[in-house]
Amino acid sequence: MALDHESTSSSDHTSDFWLARPPSQDTNSLAELVRSGRIERVVVVGAGVAGLLTAEILLRIAADSGQSLRIVLVDDCIYGPSAGSGGWHMAFANPDPRVGQWSHDSFEMWNTVLADAGLDSYRRRMPSLIVSNRRDGVPLPPGHPGHASPLDPELLDLRFWAQGAYIDDGSVLSTCSLMPSWRRRLAAHPAVVTVTNHLTGPDDIRVISESFNADVVIVTAGPRARFLLNDQRVQGDFGVLLRGSLDQLAEMHKHIVIMDEDLDEELTYSIPHHECGHVLFGGVCGIDVEEALEFEQIRAGNVDLTMAPEFARIAIDQVYARIRERMPALARALPTDPTQPGAYWFGLRPRSSRVITEWQPATGAPMLVIGGLGGSGFTIGPAVVLDALRLPLPPESQV
């Protein structure tokens, strides 16, 4: 089976934005309220992938319908998991049964979102190899694009695994370059006001919504929803990745994602980021972080490793050793010193038993919450956000 896929940007594949999710017919949904001009000012709390998608989709709805819309984007400049995500378009470690359909629909929806924003160069079509030593076969990601077929991992010089499944389509977003560019684009948009503000609780949300006379507030706080909204359904699922040099990989490893998801605590992968010039190695999941202090320590640890919790420092060594053991043919691309700032990245996936899209009670403007995407924001985000915008406002929150 040929592996020399020529990567192309998503602009080579056109699709109508509403193909997977036709416009809502509920006249009381946020999407239709914007389309009809009854909503003119929206505050979006959070500038991760869900927040930026929300802003882009609302701007698209308003532009398509000829309506005026002002968006206030609240960015705390802390940058959560979106800034360091692998950006691989496959769902993993997410128990929500709706993930497969969202993943399938979002794969083509990204085409229009990125093309509209002039950011389609950050996405490359790329196949994947799922490797496994499980006795019951290779676990395939739900809703994966393309077709899967057996492939011996040894053909890619991967001898640790007994079996593999080659998925002939997929994509990778170079997130560490994409996210800053995307924020700058929105900050320069005439309909967007970007506010730097580190909100800490519901009162802060109410104050900022009143300050900007918002018709609606949309909260996309990622793992911080646990504290910002006191939502105990959301936990921080700790993840770590190492950044290596893409140039050091063999050619056959530069154009394919390799993933082993047999065990959450031993998540093992390589994801090439061509726009950024590096390859991401990981990882780990299944370590729950629930205390605000640990959230802060993990954030600070991305700049100064001595500030990170001990389990985070141990995880760097474990990932480094695992890649050398299981992917020796790729190990030469590992950073020489994985403990140096920039060579590693800590993140917290906003994990929940189900993705959260709901209107919640609020003392000020009606509040829509989008969260619990569980590290799948770049995989399911477009479809999830559009579905959330189609939810009807509750009767007590009419606009």
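Model, not experiment: these values are computed from the prediction. (Residues numbered from 1 in each chain as written. Predicted model: local features only at pLDDT ≥ 70, side-chain atom pairs only at ≥ 80, totals over all residues. Heavy atoms only, no water.)

Visitor: Looking at this model, I keep getting lost on the pattern of salt bridges. Mind explaining?
Guide: Where charged atoms from two side chains of opposite charge come close, those side chains can pair. Applying the stated criterion across every chain yields a total of 21 salt bridges. The residue aspartate 64 makes a salt bridge to arginine 60 at a minimum N-O spacing of 2.9 Å. Highlighted residues: aspartate 64 and arginine 60, both in helix α2 (residues 49-65), separated by four residues, approximately one helical turn. For aspartate 64, a relative accessible area of 45% gives the class partly exposed. Counted as one network, the salt bridges with shared partners bring together Arg60, Asp64 and Asp116. (Salt bridge = Lys/Arg side-chain N within 4 Å of Asp/Glu carboxyl O. Helix = DSSP H or I, 4+ residues; strand = E, 2+ residues; numbered from the N terminus. Buried < 20%, exposed > 50% of the residue type's maximum accessible area, 1.4 Å probe, protein only.)

Visitor: Just checking my understanding: could you explain the environment of threonine 306 for this structure?
Guide: Along the chain, threonine 306 falls in the loop between α8 (292-301) and α9 (310-326). Note on threonine 306: relative accessible area 63%, which makes it exposed.

Visitor: Help me understand unusual backbone geometry in this model?
Guide: Backbone phi values are negative for most residues with the exception of glycine, while trans is the configuration of most peptide bonds. That bond from glycine 282 to glycine 283 is cis: its omega, 10 degrees, falls within 30 degrees of zero. On the secondary structure map, glycine 283 appears in the loop between β13 (278-282) and β14 (287-289). Of note in this structure, asparagine 213 is not a glycine but carries a positive phi near 50 degrees. One non-glycine residue, asparagine 230, adopts positive backbone phi at about 55 degrees.

Visitor: What is the right way to look at the sheet that holds strand β17 (residues 367-371) in this model?
Guide: Neighbouring strands of a sheet are bound in pairs by backbone hydrogen bonds; such pairs are parallel or else antiparallel. Taking strand neighbours across the sheet as the criterion, the six strands line up as β8-β2-β1-β9-β17-β16 in an open arrangement whose pairing is mixed. Lying at the two open borders of the sheet, with one neighbouring strand each, are β8 (192-196) and β16 (356-360). Taking the axes of each pair of neighbouring strands and ignoring which way they run, one obtains an average angle of 20 degrees across the sheet. As judged from the five bridges shared by strand β2 (residues 70-75) and β8, these two strands associate in the parallel manner. From the neighbouring strand, leucine 73 faces β8, where its bridge partner is threonine 194. Against the sheet, α2 contacts β1 (41-45), β2, β8, β9 (216-219) and β17, and its axis sits at roughly 175 degrees relative to β2. (Pairing = 2+ DSSP bridges. Axes fitted to C-alpha atoms, helices over the stretch in contact; angles between N-to-C directions. Contact = heavy atoms within 4.5 Å.)

Visitor: Just to check I follow, could you spell out the pairing of strand β10 (residues 235-245) for this structure?
Guide: Moving residue by residue along a regular strand, the side chains alternate between the two faces of the sheet. The buried fraction of β10 amounts to ten of the eleven residues, a majority that puts the element mostly inside the structure. Two elements, β10 and strand β15 (residues 344-351), share eight bridges in a ladder whose sense is antiparallel. In the strand pairing of β15, leucine 241 is matched with tryptophan 345. Relative to β14, β10 runs antiparallel, the two being bridged by three bridges. When the bridges of β14 are listed, phenylalanine 238 appears paired with isoleucine 287.

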